[in-house]
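# What the coordinates show
Single-letter residue listing:
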Amino acid sequence: MELIKSRRSVRNFEEKNVPEDFLQTILESVQWSQSWANTQCWEIIVVKDQAQKEKLQGAVPKANPAHKSVVEAPMVLALCAKKESSGYYKGLVTTKFGDWLMFDMGLAAQHISLVAHALGLGTVIIGLFDHNHASAVLNIPSEFELVALMPLGFPSKVPSPPKRKQLDEFVHINVF
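Keep in mind that what you see is a predicted model, and the values were worked out from it rather than measured.

With that settled, consider the overall build of the chain. The helix and strand inventory of the chain stands at six helices and eight strands. Seen in sequence order, the chain has helices and strands lined up from the N terminus as α-β-α-β-α-α-β-β-β-α-β-α-β-β. What you see for the chain is a C-alpha radius of gyration of 17 Å, in line with the 16 Å of a compact globule of 176 residues. Viewed in the frame of its principal axes, the chain has a C-alpha envelope of about 45 × 45 × 35 Å. In the chain, which comprises 176 residues, the proportion classed as buried is 39%. Considering only intrachain contacts with a sequence separation of at least 6, the fraction spanning at least 24 residues in the chain is 77%. When the accessible area of the chain is evaluated, it comes to approximately 10500 Å², of which 55% is carbon and sulfur surface. Of note, the chain has its 18 positive side-chain charges centred 6 Å away from the centre of its 18 negative side-chain charges.

Looking now at the packing of aromatic side chains. Tallying each qualifying case throughout the model produces four aromatic pairs. Plain terms: the ring middles of Trp100 and Phe103 are 4.9 Å apart, the flat faces sit at 35 degrees to each other, and that makes the pair tilted. Against the face of Phe154 rests Lys16, its NZ or CZ located 4.2 Å from the ring centre.

If you check which residues of helix H3 (residues 50-57) are buried, you get Lys53, Leu56 and Gln57. Along the long axis of H3, the arc covered by the buried residues comes to 100 degrees, so they all point the same way. Taken together, the buried residues of H3 touch strand E2 (42-47), helix H4 (69-72), strand E3 (75-82), helix H6 (131-138) and strand E7 (144-153). Looking at where H3 begins, the residue whose side-chain oxygen comes 3.3 Å from the main-chain nitrogen of Ala51 is Asp49.

Before going further, it helps to spend a moment on the environment of His117. Looking at the element boundaries, His117 is found in helix H5 (residues 101-118). The exposure class assigned to His117 is partly exposed, which follows from its relative accessible area of 22%. Separated by 16 residues in sequence, His117 and His133 have C-alpha atoms that sit 29 Å apart. Non-local contacts of His117, meaning those with residues more than four positions away in its chain, are made with Leu3, Ser6 and Arg7. Engagement of the side chain of His117 in a polar contact is seen with the side chain of Ser6, the distance being 2.7 Å.

Another point: the nonpolar core. The biggest cluster of nonpolar side chains holds 22 residues, and the ones touching the most others in it are Ile26, Leu77, Leu79, Met105, Ile112, Leu121 and Leu152. For this core, the secondary-structure elements that each account for two or more residues are helix H2 (20-31), E3, H5 and E7. Looking at which element gives the most residues to this core, the answer is H5, with six residues. If near-sequence neighbours (up to four positions away) are discounted, Leu152 is found in contact with Phe13, Val18, Leu23, Ile26, Ala73, Pro74, Met75, Leu77, Ala116, Leu121, Gly122 and Thr123. In this structure, Leu56, Ala59, Val60 and Leu146 belong to the second largest nonpolar core, which totals 19 residues.

What counts, and where the lines are drawn
Residues numbered from 1 in each chain as written. Predicted model: local features only at pLDDT ≥ 70, side-chain atom pairs only at ≥ 80, totals over all residues. Heavy atoms only, no water. Helix = DSSP H or I, 4+ residues; strand = E, 2+ residues; numbered from the N terminus. Rg over C-alpha atoms; globule rule 2.2 N^0.38 Å. Buried < 20%, exposed > 50% of the residue type's maximum accessible area, 1.4 Å probe, protein only. Contact = heavy atoms within 4.5 Å. Areas by Shrake-Rupley, 256 points an atom, 1.4 Å probe, with all protein chains shown as cover. Lys, Arg positive; Asp, Glu negative; His and termini not counted. Charge placed at Lys NZ, Arg CZ, Asp CG, Glu CD. Phe/Tyr/Trp six-rings, centres within 6.5 Å; stacked < 30°, edge-to-face > 60°. Lys NZ or Arg CZ within 6 Å of the ring centre and 35° of its normal. Arc of directions from axis to C-beta. Polar contact = N/O pair within 3.5 Å; in protein donor to acceptor, adjacent residues only side chain to side chain. Core = buried A, V, L, I, M, F, W, Y, C linked by side-chain atoms within 4.5 Å.

Purely geometric numbers; function is a separate question.
Dropping the structure here:
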């Protein structure tokens, strides 16, 4: 619980590279993330090249607090998912919500966030960006969806914890 309670969305990073073994541990956490019927719909692009990060930053609005994080962090993980895989059986969607890829990628992103934090790294999950622009920059095939960008590195500043709801504000027993 301490790991969960102390994790923050980090938007400020040191100019210090992430050790390769740390990156491999984080990627392995995705490998072991749960997914719909073990479809493992994820694909991760590790962006380390500064010029490529600058192109990606063009997809993130300047009003987004994570805008500068894309170029400041030593790397950005682009979380992609195979369409029509998670939540499908024999080519047919099986859930009320259609493609289950957002749920599976949320689980993968949480694994990344927690493992990174355990290693002394920081992350922020960016969802507000021009997905088409970023997908073109990253050359993502049409059968995949770019879900999120995650700058990753050693934090130079860690924000204070946000106010959280009390359990009795969202927990219901037996019925809503």
